[in-house]
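Descriptive structure summary
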Amino acid sequence: MYIVTVTFQIEPAHMAQFMIAMQANAEESLLRERDCHQFDVCVALDDPTRVFLYEVYTSAAAFQTHLTMPHFKSFNTLSTPWVKSKAVNLYLRD
């Protein structure tokens, strides 16, 4: 399995909008991408503007497909101005 983690720092004024858009992106990913097996959206207990994603895909190719999907592109375009920082990490799991 191919694991993607993402940590976002969001502009406080846009946190509510970001979460609505992120939850929709997660739901669409699970619904429309058969190789997306898990898409967890978490908010840090010590910082309500830090969002952590844990995504599980069948393969690196499946994740690359995710990046081309209309729901991801829409989310990314909409949310980019709200993001102060973003860190992506990639892992393999047997």
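Just so it is clear, the structure is predicted and the values come from calculations on it, not from any experiment.

Thresholds applied
- Residues numbered from 1 in each chain as written.
- Predicted model: local features only at pLDDT ≥ 70, side-chain atom pairs only at ≥ 80, totals over all residues.
- Heavy atoms only, no water.
- Helix = DSSP H or I, 4+ residues; strand = E, 2+ residues; numbered from the N terminus.
- Buried < 20%, exposed > 50% of the residue type's maximum accessible area, 1.4 Å probe, protein only.
- Contact = heavy atoms within 4.5 Å.
- Salt bridge = Lys/Arg side-chain N within 4 Å of Asp/Glu carboxyl O.

Thoughts on the environment of Asp35
Within the secondary structure, Asp35 sits in the loop between α1 (15-32) and β2 (36-43). Judged by relative accessible area, which is 26%, Asp35 ranks as partly exposed. The sequence separation of Asp35 and Ala61 amounts to 26 residues, and the corresponding C-alpha distance is 9.4 Å. The residues contacting Asp35, other than those within four sequence positions of it, are Val56, Tyr57, Thr58 and Ala62.

Observations regarding the pattern of salt bridges
Enumeration over the complete set of coordinates arrives at 2 salt bridges. One salt bridge connects Arg32 with Glu28, and the closest N-O pair in it is separated by 2.4 Å. You can see Arg32 and its partner Glu28 sitting in helix α1, 4 residues apart, about one turn around the helix. Look at Arg32 and you get exposed, because its relative accessible area is 53%. By relative accessible area, which is 25% here, Glu28 ends up partly exposed. For Asp46, the salt bridge goes to Arg50, with nearest N and O atoms at 2.8 Å. Residue Arg50 is classed as partly exposed on the basis of its relative accessible area of 29%.

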